[in-house]
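# Structural overview
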Amino acid sequence: MNQSSNKILVINTGGTITMAAKASGELQASKGEVLVELIEDLTSDLCSKIEVKPLQLSNGEVIGTSDSSEIGPTHYNAMAEMIIRENDDYDGFVILHGTDTMSYTASALSFALAQNNKPVVITGAQVPLSKPGSDGLQNLRLALFVADQAGKSLPQLTEVMICFAGQLFRGNRSRKSSTRSAIGFSTPNAQILGELFPVPTIFAEQLRRQPNSYPPLNSDSLGFSDKVLSINLSPGFSGEMLLKIIEGSDIEGLVVRVFGSGTAPNNFNLAEVVKEAKQRTGDRFKCAVIVTDVYNGSLDIMRYAAGKNLRSEFIIDGRDMTPEAATTKLMWVLGSTERKKQLVKILGTAICGEMSGQ
Ligand code: ASP
């Protein structure tokens, strides 16, 4: 077996994995000293070169590590830009990230890096590396292992993934599903990409496309809007209230988690809200994407009469997308003038495996 010596870049954005406890016992972001100590050991294991860098803007400014609740559109852009910038120098990328918003980041990056032909593996931990019983070391080792497959034994997965508790997920199909268990993530509407424990196995039929079939990666795919609101439809909440929220803010796009396979009560006529909101805001408000609020499943808005108020040109059917994927896809579409011009088409098309169908 050919053992290529690859170069892997680890980007440390923070999260529990590299956190340290304050005197009060609360966990907070650290510079990742524990991580640096581990790298030498991990390097000899993999026969590849691993470098750790903080998240950096193109002007060299470092974005410090943080709890992942702080991570949003600016960070997605910085991460994607950094990976595009460093792409020729590395064979794979690992991102250390808090688990709370990891699925959002994984989804966001999958859109911005849809043309990338190198693995981007995101991982973190439920317990810090510095504490006994941490799941961080195994997660980190396995993430590095997956990122390091160029010229090695496993089929090379060239997409944005989450590696957690020995399982490998398509980033934009993943969801955080436990705040306590080491098995912190799941993929409700899609197959997992691989089982890494006890014997690493990649389910090759899940490969999105072959590494050599990618068009060039460039910065045209960057840009995320921070004018997206994602809400859960709740019984009693009216379309009128939603309209007031949209009018009184600078929201351009909405994700609504509707009931079941696509129903909403009569007093929540989303088709009317969207039409009215576009008019009242002079087309500043663009559209809504709907997904189901059910953990497993997809929309079928023609199934029930109670789906009638969800049918309109500017309400995009998110099919079986996760709320995280729908939200970040909308941020991404609204983040560029070019993409905005074709928003109904882009939002309705599966572009990197984020939903079933074409
Ligand atoms: N609050 C932490 C974060 O998301 C949780 C974790 O990393 O597991 O940054």
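None of these values were measured; they are calculated from a predicted model.

Reading guide: rules and limits
Residues numbered from 1 in each chain as written. Predicted model: local features only at pLDDT ≥ 70, side-chain atom pairs only at ≥ 80, totals over all residues. Heavy atoms only, no water. Pairing = 2+ DSSP bridges. Helix = DSSP H or I, 4+ residues; strand = E, 2+ residues; numbered from the N terminus. Contact = heavy atoms within 4.5 Å. Axes fitted to C-alpha atoms, helices over the stretch in contact; angles between N-to-C directions. Salt bridge = Lys/Arg side-chain N within 4 Å of Asp/Glu carboxyl O. Buried < 20%, exposed > 50% of the residue type's maximum accessible area, 1.4 Å probe, protein only. Parallel < 35°, antiparallel > 145°, perpendicular 65-115°, else oblique. Left-handed = near helix turned anticlockwise from the far one by under 90°. Nonpolar A, V, L, I, M, F, W, Y, C, P; charged D, E, K, R; others polar. Near = heavy atom within 4 Å. Polar contact = N/O pair within 3.5 Å; in protein donor to acceptor, adjacent residues only side chain to side chain. Areas by Shrake-Rupley, 256 points an atom, 1.4 Å probe, with all protein chains shown as cover.

### Regarding the sheet that holds strand E7 (residues 120–123)
Here we have nine strands laid out as an open sheet, ordered E5-E4-E1-E6-E7-E8-E9-E12-E13, and mixed in their pairing. The open sheet has two edge strands with one neighbour each: strand E5 (62–63) and strand E13 (201–202). Here three bridges tie E7 to strand E8 (residues 160–164), and the two strands are oriented parallel to one another. By the bridge assignment for E8, Ile 122 is matched with Ile 162. Of the strands in this sheet, strand E1 (7–12), strand E4 (49–56), E5, strand E6 (92–96) and E7 are in contact with helix H2 (residues 73–86), which crosses E4 at around 140 degrees. Packed on one face of the sheet, helix H3 (residues 102–112) meets E6, E7 and E8 and runs near 155 degrees to E8.

### A word on the pattern of salt bridges
Under the definition given, this model contains 17 salt bridges. For Glu 51, the salt bridge identified is with Lys 49, shortest N-O distance 3.5 Å. Judged by relative accessible area, which is 22%, Glu 51 ranks as partly exposed. On the basis of relative accessible area, Lys 49 is assigned to the partly exposed category, the value being 44%.

### Focus: the sheet that holds strand E15 (residues 253–258)
Here we have four strands laid out as an open sheet, ordered E14-E15-E16-E17, and parallel in their pairing. Two strands bound the open sheet, and with one partner strand each, they are strand E14 (228–232) and strand E17 (315–317). Geometrically, the sheet is characterised by an average inter-axis angle of 25 degrees between neighbouring strands, direction not taken into account. Here E14 pairs with E15 via five bridges, running parallel. The residue of E15 that forms the bridge with Ser 230 is Val 255. Where helix H7 (residues 323–333) meets the sheet, it contacts E14, E15 and strand E16 (287–292), and its direction lies at approximately 165 degrees from that of E15.

### Considerations on the environment of Glu 252
One can find Glu 252 in the loop between helix H5 (239–247) and E15. Residues Glu 252 and Ile 231, spaced 21 residues apart in sequence, show a C-alpha to C-alpha distance of 14 Å. Those residues in contact with Glu 252, other than ones at most four positions away along the chain, are Lys 227, Arg 284, Phe 285, Lys 286, Cys 287, Leu 334 and Lys 340.

### Some remarks on the pairing of strand E9 (residues 167–170)
Burial along E9 is two-sided: Gln 167 and Phe 169 and Leu 168 and Arg 170, pointing in opposite directions, are all buried. Bridge count between E8 and E9: four bridges; the pairing is antiparallel. From the neighbouring strand, Phe 164 faces E9, where its bridge partner is Gln 167. Pairing geometry for E9 and strand E12 (residues 194–195), over two bridges, is antiparallel. The partner of Gln 167 across the bridge, within E12, is Glu 195.

### Structural notes on the packing of H5 against helix H6 (residues 270–280)
The N-to-C vectors of H5 and H6 enclose an angle of 25 degrees; their axes lie 10 Å apart at closest approach. In terms of orientation, H5 and H6 fall into the roughly parallel class. Note on packing geometry: the crossing formed by H5 with H6 is right-handed. When H5 is examined against H6, the residues Gly 239, Leu 242, Leu 243, Ile 246 and Glu 247 are found in contact with a partner set consisting of Leu 270, Val 273, Glu 276, Ala 277 and Arg 280. Of the residues belonging to the contact of H5 with H6, the class tally is six nonpolar, one polar and three charged.

### Some words on the site of the ligand
With respect to spatial proximity, the complete set of residues near the ligand consists of Gly 15, Thr 16, Met 19, Asp 67, Ser 68, Gly 98, Thr 99, Asp 100 and Ala 125. With respect to the ligand, the side chain of Ser 68 contributes an N or O atom lying 2.6 Å from an oxygen atom. At a separation of 3.1 Å, an oxygen atom of the ligand approaches a polar backbone atom of Ala 125. When the ligand is considered free in solution it has 270 Å² of accessible area, and contact with the protein chains removes 89% of it. Its residues assigned to classes, the shell around the ligand shows two nonpolar, five polar and two charged.

### Some details on the packing of H3 against H7
The N-to-C vectors of H3 and H7 enclose an angle of 45 degrees; their axes lie 8 Å apart at closest approach. Accordingly, the angle class assigned to the pair H3 and H7 is oblique. As for how H3 packs across H7, the hand of that crossing is right-handed. Contacts between H3 and H7 involve Ser 103, Tyr 104, Ser 107, Ala 108, Phe 111 and Ala 112 on the former and, on the latter, Glu 324, Ala 325, Thr 327, Thr 328, Lys 329 and Trp 332. Split into classes, the residues belonging to the contact of H3 with H7 amount to six nonpolar, four polar and two charged.

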